[in-house]
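What follows is each chain in one-letter form.
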Amino acid sequence: MNRMNKTLMALMCCLPLALAAQENDKQALDSLLTAWHQAASDADFDAYFGLMAPGAAFIGTDASENWDKEAFMAFSRPYFEQGKAWSFKAVQRNIYLGPDGKTAWFDELLDTWMQLCRGSGAAVKTPGGWKIAHYVLSMTIPNEEVDGAILLKKASDSLVRARLSGEIQD
């Protein structure tokens, strides 16, 4: 057997192992996201924030909701302490792995008290397992309802833009 054939055989033998590792990572990420949402539903503050990476970010549905992990913890603590955090259940989820095997991104359609929402984000593989590094929660609006949604949020969006441009001081 020549050198090229040996190399090809070695690669073919390793391919199933690589695919199995990717599938295991996708399952681990799916479990991570499910456990994260369950921890919020159970109002388990430590479990919820323990599944987020140090320096993680959470972007909420309101234009003002762009928090680092510490700020999100401070915002969320009263809800968790009252036993009334939020309950999101994934009805669809897609997970993608980066070529380095240490990063992933995902999107999920969620059943929430706001009806259907979209969650998307990124995760990193740490020595302690996968952790959520960035999460964005968005409300879904049917295309045929966008004009009405624009009217509903126009005044508040104008205030946010004015604050961000410095036209209004808080």
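Thresholds applied
- Residues numbered from 1 in each chain as written.
- Predicted model: local features only at pLDDT ≥ 70, side-chain atom pairs only at ≥ 80, totals over all residues.
- Heavy atoms only, no water.
- Pairing = 2+ DSSP bridges.
- Helix = DSSP H or I, 4+ residues; strand = E, 2+ residues; numbered from the N terminus.
- Axes fitted to C-alpha atoms, helices over the stretch in contact; angles between N-to-C directions.
- Contact = heavy atoms within 4.5 Å.
- Buried < 20%, exposed > 50% of the residue type's maximum accessible area, 1.4 Å probe, protein only.

## Observations regarding the sheet that holds strand β5 (residues 115-126)
Then comes step 1: Pairing in this open sheet of 6 strands is mixed, and the strands run β2-β1-β6-β5-β4-β3 from one edge to the other. Strands with a single pairing partner mark the edges of an open sheet, and in this sheet they are β2 (66-68) and β3 (89-97). Taken pair by pair, the neighbouring strands of this sheet meet at an average axis angle of 15 degrees, ignoring direction.
Then comes step 2: Pairing geometry for β5 and strand β6 (residues 129-139), over 10 bridges, is antiparallel. Counted as the bridge partner of Ser120 is Val136 from β6.
Then comes step 3: Across the sheet, helix α3 (residues 69-81) touches β1 (52-59) and β2, and the angle it forms with β2 is around 110 degrees.

## Side note on the pairing of β1
Then comes step 1: Across the 8 residues of β1, 6 count as buried, placing the element largely inside the fold.
Then comes step 2: The sheet contact formed by β1 and β6 spans 4 bridges and is parallel. Among the inter-strand pairings, Met52 is bridged to a residue of β6, identified as Ile132.
Then comes step 3: Following β1, the chain reverses through 6 residues before pairing antiparallel with β2.

## A word on the pairing of strand β4 (residues 103-112)
Then comes step 1: Most of β4 is tucked away, with 7 of its 10 residues classed as buried.
Then comes step 2: Inspection of the sheet shows β3 paired to β4 by 8 bridges, in the antiparallel sense. From the neighbouring strand, Tyr96 faces β4, where its bridge partner is Trp105.
Then comes step 3: Here β3 folds back onto β4, and the loop between the two strands holds 5 residues, one of which, Gly101, carries a positive phi near 75 degrees.
Then comes step 4: Pairing of β4 with β5, which is carried by 10 bridges, proceeds in the antiparallel orientation. Considered in β5, the bridge of Leu110 is made with Cys117.

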